[in-house]
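Each chain, written out:
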Amino acid sequence: MEISRGMLLSMFFSILVMGMDSLLGMMRAMSNSLGDVAASLIVAKSEKILDMEKYMERSREKE
């Protein structure tokens, strides 16, 4: 049984797309999480639940 050139190309591109989809899925999850965090901070600040002194203190500790 001989594999044609077209079949090899389709297999190659299928593998390439599956590999890229994994990385793109991680990027989508990262941007979704970042959006959730940003929205939570905006709502907490607008509801005056967020203690800005503690928030800024924690960000200074990481530097």
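Refer to the structure presented above.
Presented here is a report on the structure given in the accompanying data block.

**Brief notes about the overall build of the chain**
Stage number 1. The secondary structure content of the chain amounts to two helices and zero strands.
Stage number 2. Each of the three principal axes of the chain carries a C-alpha extent, and together these read 70 × 25 × 10 Å.
Stage number 3. Out of the 63 residues in the chain, the part that is buried amounts to 2%.
Stage number 4. Accessible area of the chain: about 6200 Å², with a carbon and sulfur share of 66%.
Stage number 5. Charged side chains of the chain number 8 positive and 9 negative; the gap between the two group centres comes to 2 Å.

**Observations concerning a nonpolar patch on the surface**
Stage number 1. Residues Leu9, Phe12, Phe13, Leu16, Met20 and Leu24 make up a contiguous nonpolar surface patch of roughly 580 Å² in combined accessible area.
Stage number 2. If you trace the backbone, Phe12 turns up in helix H1 (residues 5-46).
Stage number 3. According to the relative accessible area criterion, Phe12 is partly exposed, its value standing at 48%.

Rules of the game
- Residues numbered from 1 in each chain as written.
- Predicted model: local features only at pLDDT ≥ 70, side-chain atom pairs only at ≥ 80, totals over all residues.
- Heavy atoms only, no water.
- Helix = DSSP H or I, 4+ residues; strand = E, 2+ residues; numbered from the N terminus.
- Buried < 20%, exposed > 50% of the residue type's maximum accessible area, 1.4 Å probe, protein only.
- Areas by Shrake-Rupley, 256 points an atom, 1.4 Å probe, with all protein chains shown as cover.
- Lys, Arg positive; Asp, Glu negative; His and termini not counted.
- Charge placed at Lys NZ, Arg CZ, Asp CG, Glu CD.
- Patch = residues over 30% accessible without salt bridge, like charges linked within 9 Å, V, L, I, M, F, W, Y side chains within 5 Å.
- Salt bridge = Lys/Arg side-chain N within 4 Å of Asp/Glu carboxyl O.

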